[in-house]
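Residues per chain are reported as follows:
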Amino acid sequence: MTVYCGFPMEKMNCFSRRFRRTAPTSGSSKSELVPFRTPRINGWSWPPQPLQVVGWVVYIYLAVVSFGIFIPLLPRPWNAMSYVISGISFLLHFFTNIATVTIDPADATVRAKKNYSSPLPLFDKAKQAHVIQDLHCYLCDVNVGPRVKHCGICNKCVEGFDHHCKWLNTCVGQRNYWFFFVALISAILAVFMLTVVILFIFVQHYLDPHILRTAPQFATVLGNTTWLVFLPLAPIETSSAGLLTLAFITVLLCVVCMLLFCHLLGFHLYLFYKGISTYDHVKNKREKENRRRNTESKSASTCSSKSYTRSQENQDASNNCEQTLPQSPSFFRFANTNQLSSRLSNSICTELENFKKSAEKENSFNYGTENPTQNETRSISMSVIMSPKEDQGTSEKFAPEAQDPLGCSVVARDPTSQ
């Protein structure tokens, strides 16, 4: 056992233990990469979005109640026209929706690689501002065009990127945008047609219900309170209350869907008019918001600096006012230089000594007339104190000023009173 500085060295063998190594950081200096994710091929890639499932459930429900419950109740020839218009609308929406979801909107260079099975690093905005620089995507490792954007959800570069639709679970780009637009228009037409049919049935149920009971299956139904649904293949009996409740719920759902679809259609028509995409619109809106915030911050800082400057000016003005003597009647006002001020202080000291001597004489019970020499010295000192200025080489005397016994004004002393 080796002892070093009083401590045993038996367990300090460097070769008997493993070295601790620091794990290398993922990514490179060009792009900070984060955990990997496999790129999505299209809208059928797993996992599905909850809104995508909700959209398909609503579509199936509206198709069932439209062709199985409400359109068969219409009289001829209205039922035939409704079958044709509603059938075309629902089928067109179905196929265009399938096409939008199935088409891969990725850029041609990304699709040429066909390497969706291997994961790509995710794009982290907190570590890197842009994933595409100089028309090169560092995540997909391909050269892209000027209208290509890397979608963070699909984790791939999309050609002519417009937006990522959660209802379709895929990106809408240049390759599938027109399918998306036709699916939107067909959905509006189908929902509008179903709403008109349900309102017609709701009104005729109270005005003339026999118009709605023209199907041959109603011949075996007794009473007007019993209705048949899913005509003509599988007729099922239901009550009037059940039929009207289902109609009311369906109309509310159709109104909500129509408002959402019309709003989306109007927004894309506005984008057509402006000649921009949804991504460009969002980017421009963010830039305007940032400029507005910067302007507000600059104006706020300017106002604060102005208020600070004004406060400093007011403080300086107050300091200047404090430095000046107050114009009160209880003080003498002098407009002389520093030399006169020093003489004034010396004369005041001399005068105080004279007053002290006179007080001592009064205390010694000498009430007689003062010495003429002292009177002359006193008058000379007072004249020096109260003279406004003194010319060099001349000794000119002025009448001194004294304070009023009441302390309210400064009056001149009468020379005859001395």
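This text goes with the structure placed above it.
Residues numbered from 1 in each chain as written. Predicted model: local features only at pLDDT ≥ 70, side-chain atom pairs only at ≥ 80, totals over all residues. Heavy atoms only, no water.

Chemist: Even after reading the chapter, I still don't get the overall build of the protein chain, so can you show me in this structure?
Modeler: When its secondary structure is counted, the protein chain shows eight helices and 15 strands. Counting over 418 residues, the protein chain shows a buried share of 31%. Sequence-distant contacts in the protein chain: of pairs separated by 6 or more residues, those separated by 24 or more amount to 59%. For the protein chain, the exposed surface amounts to about 28,700 Å²; the carbon and sulfur share of it is 62%. (Helix = DSSP H or I, 4+ residues; strand = E, 2+ residues; numbered from the N terminus. Buried < 20%, exposed > 50% of the residue type's maximum accessible area, 1.4 Å probe, protein only. Contact = heavy atoms within 4.5 Å. Areas by Shrake-Rupley, 256 points an atom, 1.4 Å probe, with all protein chains shown as cover.)

Chemist: Before we go on, may I ask you to explain unusual backbone geometry in this structure?
Modeler: For the bond from W46 to P47, the omega torsion is 5°, close enough to zero to count as cis. In this fold, P47 is placed in the loop between β3 (34-37) and α1 (50-70). Geometrically, the link from R76 to P77 is a cis peptide bond, its omega value of 0° lying close to zero. As for its placement among the helices and strands, P77 is situated in the loop between α1 and α2 (78-102). One non-glycine residue, D141, lies in positive phi territory at about 60°. With respect to the helices and strands, the residue D141 is situated in the loop between β6 (136-137) and β7 (142-143). On the basis of relative accessible area, D141 is assigned to the exposed category, the value being 52%.

Chemist: Can you walk me through a nonpolar patch on the surface in this structure?
Modeler: Residues W78, M81, Y83, V84, I85, I88 and L189 make up a contiguous nonpolar surface patch of about 660 Å² in total accessible area. Ranked by residues supplied to the nonpolar patch, first place goes to α2 with six residues. (Patch = residues over 30% accessible without salt bridge, like charges linked within 9 Å, V, L, I, M, F, W, Y side chains within 5 Å. Salt bridge = Lys/Arg side-chain N within 4 Å of Asp/Glu carboxyl O.)

Chemist: It is not clear to me how the environment of I98 should be interpreted in this structure. Could you clarify?
Modeler: Along the chain, I98 falls in helix α2. In this structure I98 comes out as partly exposed when scored by relative accessible area, which is 24%. The sequence separation of I98 and L168 amounts to 70 residues, and the corresponding C-alpha distance is 9.2 Å. When sequence neighbours within four positions are dropped, the list of residues in contact with I98 reads W44 and W56.

Chemist: How should I be thinking about the packing of aromatic side chains in this particular structure?
Modeler: Centre-to-centre distance and the angle between the planes together describe a pair of aromatic rings. Applying the stated rule across the entire model yields 16 aromatic pairs. An angle of 50° between the planes, with centres 5.8 Å apart, marks the rings of Y59 and F90 as tilted. Residue Y59 is located in helix α1, and its partner F90 is located in helix α2; the two are separated by 31 residues in the primary sequence. Here Y177 and F180 contribute two aromatic rings whose centre-to-centre distance is 6.1 Å and whose plane-to-plane angle is 50°, an arrangement assigned as tilted. Of this pair, Y177 and F180 both sit in helix α4 (residues 177-207), three residues apart, which is roughly one turn of that helix. Taken together through their ring pairs, the aromatic side chains of W56, Y59, F67, Y83, F90, F94 and F95 make up a single cluster. When the ring centre of W227 is taken as origin, the NZ or CZ atom of R213, which lies over that ring, is 4.9 Å away. (Phe/Tyr/Trp six-rings, centres within 6.5 Å; stacked < 30°, edge-to-face > 60°. Lys NZ or Arg CZ within 6 Å of the ring centre and 35° of its normal.)

Chemist: Got a minute to help me understand the sheet that holds β7 in this structure?
Modeler: Working definition: the strands of a sheet are paired by backbone hydrogen bonds and lie parallel or antiparallel to each other. A sheet is described by the order of its strands in space; here three strands give the open sequence β5-β6-β7, paired in antiparallel fashion. Among the strands making up the open sheet, the edge pair consists of β5 (132-133) and β7. Note: β6 against β7, two bridges, orientation antiparallel. Bridging from a neighbouring strand, H136 pairs with N143 of β7. (Pairing = 2+ DSSP bridges.)

Chemist: Help me out: how do you make sense of the environment of V229 in this one?
Modeler: When you line up the elements, V229 lands in strand β12 (residues 226-229). Judged by relative accessible area, V229 falls into the buried class, the value being 8%. Measuring from C-alpha to C-alpha, the distance between V229 and P72 comes to 8.0 Å, with 157 residues separating the pair along the chain. Beyond its immediate chain neighbours, meaning those up to four positions away, V229 contacts G68, I69, A234, P235, I236, T238 and L243.

Chemist: Mind showing me how you'd approach the state of the cysteines here?
Modeler: Each disulfide consists of a covalent bond between the sulfur atoms of two cysteine residues. Counted under the stated rule, the structure contains zero disulfides. Summary of cysteine pairing: C151 is not part of a disulfide, and the nearest cysteine sulfur, belonging to C171, is at 3.2 Å. We note that C254 lacks a disulfide partner, and the nearest cysteine sulfur, in C257, lies 6.6 Å from it. (Disulfide = S-S within 2.5 Å.)

Chemist: Looking at this structure, how should I read the nonpolar core?
Modeler: Soluble, globular proteins show a tendency: their nonpolar side chains are buried together. Formed by 31 residues in total, the largest nonpolar core has its most connected members in F70, V197, I201, F218 and L243. The element that contributes the greatest number of residues to this core is α4, accounting for seven residues. With near-sequence residues (within four places) excluded, F70 lies in contact with V65, V197, I198, I201, L243, L246, A247 and T250. (Core = buried A, V, L, I, M, F, W, Y, C linked by side-chain atoms within 4.5 Å.)

Chemist: Help me out: how do you make sense of the packing of α4 against helix α5 (residues 240-274) in this one?
Modeler: Helix-helix packing is described using two parameters, namely the angle between the two axes and the distance between the axes. Where α4 contacts α5, the two axes come as close as 8 Å, and the packing angle between them is 150°. If you check the angle between α4 and α5, you find them roughly antiparallel. At the point where α4 passes α5, the crossing takes the left-handed sense. Tallied by class, the residues present in the contact of α4 with α5 amount to 26 nonpolar, five polar and no charged. (Axes fitted to C-alpha atoms, helices over the stretch in contact; angles between N-to-C directions. Parallel < 35°, antiparallel > 145°, perpendicular 65-115°, else oblique. Left-handed = near helix turned anticlockwise from the far one by under 90°. Nonpolar A, V, L, I, M, F, W, Y, C, P; charged D, E, K, R; others polar.)

Chemist: What's the story with the packing of α1 against α5 in this structure? I'm lost.
Modeler: Following both chains from N to C, one finds α1 and α5 inclined at 135°, their axes separated by 12 Å at the closest point. Put simply, α1 runs oblique to α5. Seen along the crossing, α1 lies across α5 with a hand that is left-handed. Residues V58, Y61, L62, V65, I69 and F70 of α1 form the contact with α5, whose own contacting residues are L243, L246, A247, I249, T250, L253, C254 and C257. Per-class residue counts for the contact of α1 with α5 are 13 nonpolar, one polar and no charged.

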